[in-house]
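Listed below are the residues making up each chain.
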Amino acid sequence: KYLLQEGAIVDHCFHRDFLSGGNSSSASGTCSEGMNTNLMPFTTNYVLSVTVELMEYYICAGIEVGLFTGCWHLLTGYWYLDFLSSTRLNVLSGMRDCMKERKALEKGIMAAENTGASANNN
């Protein structure tokens, strides 16, 4: 819980500093101002991904060593494992989609700069 909160604070401070060019700092030393929701929370998602992966590991280990006994417990364990796997896939897919959008935006900016530079040369 606390690690995820710390990740959110790191993301918030990075976004604040990124948007202001690094010239902004709050008087209290914390990052409590509003955050731009268009930016991907990379640290938060990384922490969430690693945490869910560890949870998957412990559920798998519990199933392998026989901590889940009986059909009901095994069903619950596999259901939870499925839930954790889909959660991790959703987080990773969101991060991948954000990176694809960022690369497409960078290509568009580079193309516009090249077009502008070639127009200035003529």
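Structure: above.
These figures come from a predicted structure and were not determined experimentally.

Colleague: A description of the nonpolar core should follow, citing residues and the corresponding values.
Modeller: Listed in full, the five residues of the largest apolar core are V52, I59, I63, L81 and L84. Looking at this core, the elements that each hand over two or more residues are α2 (42-64) and α3 (70-121). For this core, the element with the highest residue contribution is α2, accounting for three residues. Ignoring sequence-local partners within four residues, the contact set of I59 consists of F68, G77, Y80, L81 and L84.

Colleague: How would you explain the side chain of E56 if you had to name every residue and give the values?
Modeller: By secondary structure assignment, the location of E56 is in helix α2. Apart from the residues lying within four places of it in its own chain, the contact partners of E56 are L81, L84, S85 and R88.

Colleague: Report on a nonpolar patch on the surface, specifying residues and quantitative values.
Modeller: Residues Y46, V50, L54, Y57 and Y58 make up a contiguous nonpolar surface patch of about 590 Å² in total accessible area. We classify Y57 as exposed; its relative accessible area is 54%.

Colleague: I'd like to hear about α2, residue by residue, with values.
Modeller: If you check α2, its first and last C-alpha atoms are 33 Å apart, about what 23 residues at 1.5 Å a residue would give, namely 33 Å. Buried residues of α2: T44, N45, V47, S49, V52, E56, I59, G62 and I63, and no others. Looking at the residues trailing α2, positive phi occurs at G66, about 85 degrees.

Each value, and the rule that gives it
- Residues numbered from 1 in each chain as written.
- Predicted model: local features only at pLDDT ≥ 70, side-chain atom pairs only at ≥ 80, totals over all residues.
- Heavy atoms only, no water.
- Core = buried A, V, L, I, M, F, W, Y, C linked by side-chain atoms within 4.5 Å.
- Buried < 20%, exposed > 50% of the residue type's maximum accessible area, 1.4 Å probe, protein only.
- Helix = DSSP H or I, 4+ residues; strand = E, 2+ residues; numbered from the N terminus.
- Contact = heavy atoms within 4.5 Å.
- Patch = residues over 30% accessible without salt bridge, like charges linked within 9 Å, V, L, I, M, F, W, Y side chains within 5 Å.
- Areas by Shrake-Rupley, 256 points an atom, 1.4 Å probe, with all protein chains shown as cover.
- Salt bridge = Lys/Arg side-chain N within 4 Å of Asp/Glu carboxyl O.
- Expected span 1.5 Å × (residues − 1).

Take it as geometry only, folks, not as evidence of what the structure does.
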